[in-house]
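As a plain string of letters, each chain reads:
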Amino acid sequence: MNIRFTALAAGMALALGSGSVLAAPDWAKVPAKKITVFYPGTSPMEWITKGTEHGGAKALKKGETCVGCHEKEVADMGKKMASGQKLEPTPIAGKAPSIAVNVQAAYDDANLYLRFSWPKPAASGGTKMDAANAVKLAYMLEANKVELAGQSGCWATCHTDARTMPGAAETKTKYVTGGSLASGKFYDLVQWRSKEKALDGYVADKRVMEGGKALVEAKGDLKGDTWTVTITRKLVGGEGDVSLEPGKVYNFGFAIHDDHTSGRFHHVSLGYTLGLDAKADITATK
């Protein structure tokens, strides 16, 4: 009996030591990149690629990235849209125009670990669109197969006819033009929610918020005035999960819904890159 117990304990210790959530990194030793997420208003893919409305459309067609042109001015962009000065027909009074987020990443033989921390914005007092969840954080990963994903980040999933856009049907979700799991043209999506269970899905020809097999754990808390969210996902999952390999780089973006918002009323990052021991905007080290 003791032999069996010892063998069981040894097996459990081996499992816990090979990439489980209990093997999470010492975040104090992991470098952080500060990324400002901003309020985007109604600026879908169709807008950023239309030269008569977006001055950067020509640069985008030449291969320049949104972050390359706008990274230093995203807070000012957020002010224009949150105030209703530009691209926002229904501004929310008191809406935070931007949020500065510290992003950290690490990995081991089994998992990728992501950590996001940011100061809680002041409440706007607007309508509680999502009464259950005061805050949500979602990230997307893409394996360099979706057109313009490397330049525009998550914008390749955002369109004028998606739900909560002016005049759009509530049944229409985010999608990738010409996207499908079979072709590999999709975004891997994970969303942490402050009260409800985290979701693991993808965005291809439509957004699907379940079915992913990569998510191990997503947890977050508010200490003082700082939110911290940590997400652990397997390097290799299943259908709708981007498989991650050391030495490779992936397209990466994330969004925060604060103050009980939903749909397009979020703060979003521009498009960044995430590499596993590879040069990128955010490099996860082993």
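Residues numbered from 1 in each chain as written. Predicted model: local features only at pLDDT ≥ 70, side-chain atom pairs only at ≥ 80, totals over all residues. Heavy atoms only, no water.

> Would you mind going over the pattern of salt bridges with me for this structure?
Opposite charge on two side chains lets them pair, provided their charged atoms get close. Inspection of the entire model under this criterion finds 11 salt bridges. Across the pair Asp 26 and Lys 29 runs a salt bridge, and its minimum N-O distance is 4.0 Å. (Salt bridge = Lys/Arg side-chain N within 4 Å of Asp/Glu carboxyl O.)

> When you look at the packing of aromatic side chains in this model, what are you seeing that I'm missing?
The relative placement of two aromatic rings is captured by the distance of their centres and the angle of their planes. Enumeration over the complete set of coordinates arrives at 5 aromatic pairs. Ring centres of Phe 38 and Trp 155 lie 6.0 Å apart, and the angle between their planes is 15°; this geometry places the pair in the stacked category. Here Phe 38, found in strand β1 (residues 33-38), pairs with Trp 155, found in the loop between α6 (149-152) and β5 (187-193); they are 117 residues apart in sequence, far enough to count as distant. Comparing Phe 38 with Trp 155 shows no difference in burial state: the two are buried. With a centroid separation of 5.8 Å and an interplanar angle of 65°, the aromatic rings of Trp 192 and Trp 227 are classed as edge-to-face. Of this pair, Trp 192 sits in strand β5 while Trp 227 sits in strand β9 (residues 226-234); the two residues are 35 residues apart in sequence, bridging distant segments of the chain. Residue Trp 192 is classed as buried on the basis of its relative accessible area, which comes to 4%. Overall, Trp 227 belongs to the buried group, its relative accessible area being 12%. Among the aromatic side chains, those forming a connected cluster through ring pairs are Phe 116, Tyr 139, Phe 252 and Phe 254. The ring of Tyr 175 has Lys 172 lying over it, and the distance from NZ or CZ to the ring centre is 4.7 Å. (Phe/Tyr/Trp six-rings, centres within 6.5 Å; stacked < 30°, edge-to-face > 60°. Helix = DSSP H or I, 4+ residues; strand = E, 2+ residues; numbered from the N terminus. Buried < 20%, exposed > 50% of the residue type's maximum accessible area, 1.4 Å probe, protein only. Lys NZ or Arg CZ within 6 Å of the ring centre and 35° of its normal.)

> I tried to follow the pairing of strand β12 (residues 272-276) on my own but got confused; where do I start?
Along any regular strand the residues' side chains alternate between the sheet's two faces. Of all 5 residues in β12, 4 are buried, a share of seventy percent or more. Here strand β10 (residues 249-257) runs beside β12; their pairing, made up of 4 bridges, is antiparallel. Residue pairing for β12: Asn 251 is matched across the bridge by Thr 273. One ladder, built from 3 bridges, connects β12 with strand β13 (residues 282-284); its direction is parallel. Paired with Leu 274 across the two strands is Ile 282, which belongs to β13. (Pairing = 2+ DSSP bridges.)

> What is the right way to read the nonpolar core from this model?
The nonpolar side chains of a soluble globular protein tend to be buried, and buried together. Of all hydrophobic cores here, the largest spans 54 residues; its most connected members are Val 101, Phe 116, Trp 118, Tyr 139, Phe 252 and Phe 254. Those residues in contact with Val 101 that lie beyond four places of it in its chain are Lys 33, Lys 34, Ile 35, Val 37, Phe 116, Ser 117, Trp 118, Phe 254 and Ile 256. Formed by 10 residues, the second largest nonpolar core is a distinct cluster that contains Ala 138, Val 146, Ala 149 and Leu 189. (Core = buried A, V, L, I, M, F, W, Y, C linked by side-chain atoms within 4.5 Å. Contact = heavy atoms within 4.5 Å.)

> Hey, could you run me through the environment of Lys 29 in this one?
Residue position: Lys 29 is located in the loop between α1 (2-16) and β1. The spatial distance from the C-alpha of Lys 29 to the C-alpha of Gln 104 is 10.0 Å, given a sequence separation of 75 residues.

> Would you explain the environment of Phe 186 in this entry?
Looking at where Phe 186 falls in the secondary structure, it is placed in the loop between α6 and β5. For the pair Phe 186 and Glu 142, spaced 44 residues apart in sequence, the C-alpha to C-alpha distance is 6.7 Å. Each residue touching Phe 186, except ones within four places of it in the same chain, is listed here: Leu 141, Glu 142, Val 146, Ser 180, Leu 181, Tyr 202, Val 203, Ala 204, Gly 240, Asp 241 and Val 242.

> Would you explain the state of the cysteines in this entry?
Taken as a whole and judged by the stated rule, the model has 0 disulfides. The cysteine Cys 66 is free of any disulfide, with Cys 69 supplying the nearest cysteine sulfur at 7.5 Å. (Disulfide = S-S within 2.5 Å.)

> Please explain the side chain of Asp 259 as it appears in this structure.
Along the polypeptide, Asp 259 turns up in the loop between β10 and β11 (267-268). Although Asp 259 lies buried, it forms no salt bridge, and the closest oppositely charged side chain, Lys 95, sits 6.1 Å away as judged by the N-O distance. When neighbours within four sequence positions are excluded, Asp 259 is seen to be in contact with Ala 123, Ser 124, Gly 125, Gly 126 and Ala 134. (Lys, Arg positive; Asp, Glu negative; His and termini not counted.)

> How should the environment of Ala 122 be read in this particular structure?
Locating Ala 122 in the fold gives a position in the loop between β3 (111-119) and β4 (136-142). Sequence separation between Ala 122 and Lys 95 is 27 residues; the distance between their C-alpha atoms is 8.2 Å.

> What am I meant to see in the side chain of Thr 261 here?
Along the polypeptide, Thr 261 turns up in the loop between β10 and β11. Polar side-chain contacts of Thr 261 include one of 2.9 Å to the backbone oxygen of Phe 265. Excluding its chain neighbours within four sequence positions, the residues that come into contact with Thr 261 are Lys 95, Met 129, Asp 130 and Lys 136. (Polar contact = N/O pair within 3.5 Å; in protein donor to acceptor, adjacent residues only side chain to side chain.)

All we've got here are geometric facts, nothing functional implied.
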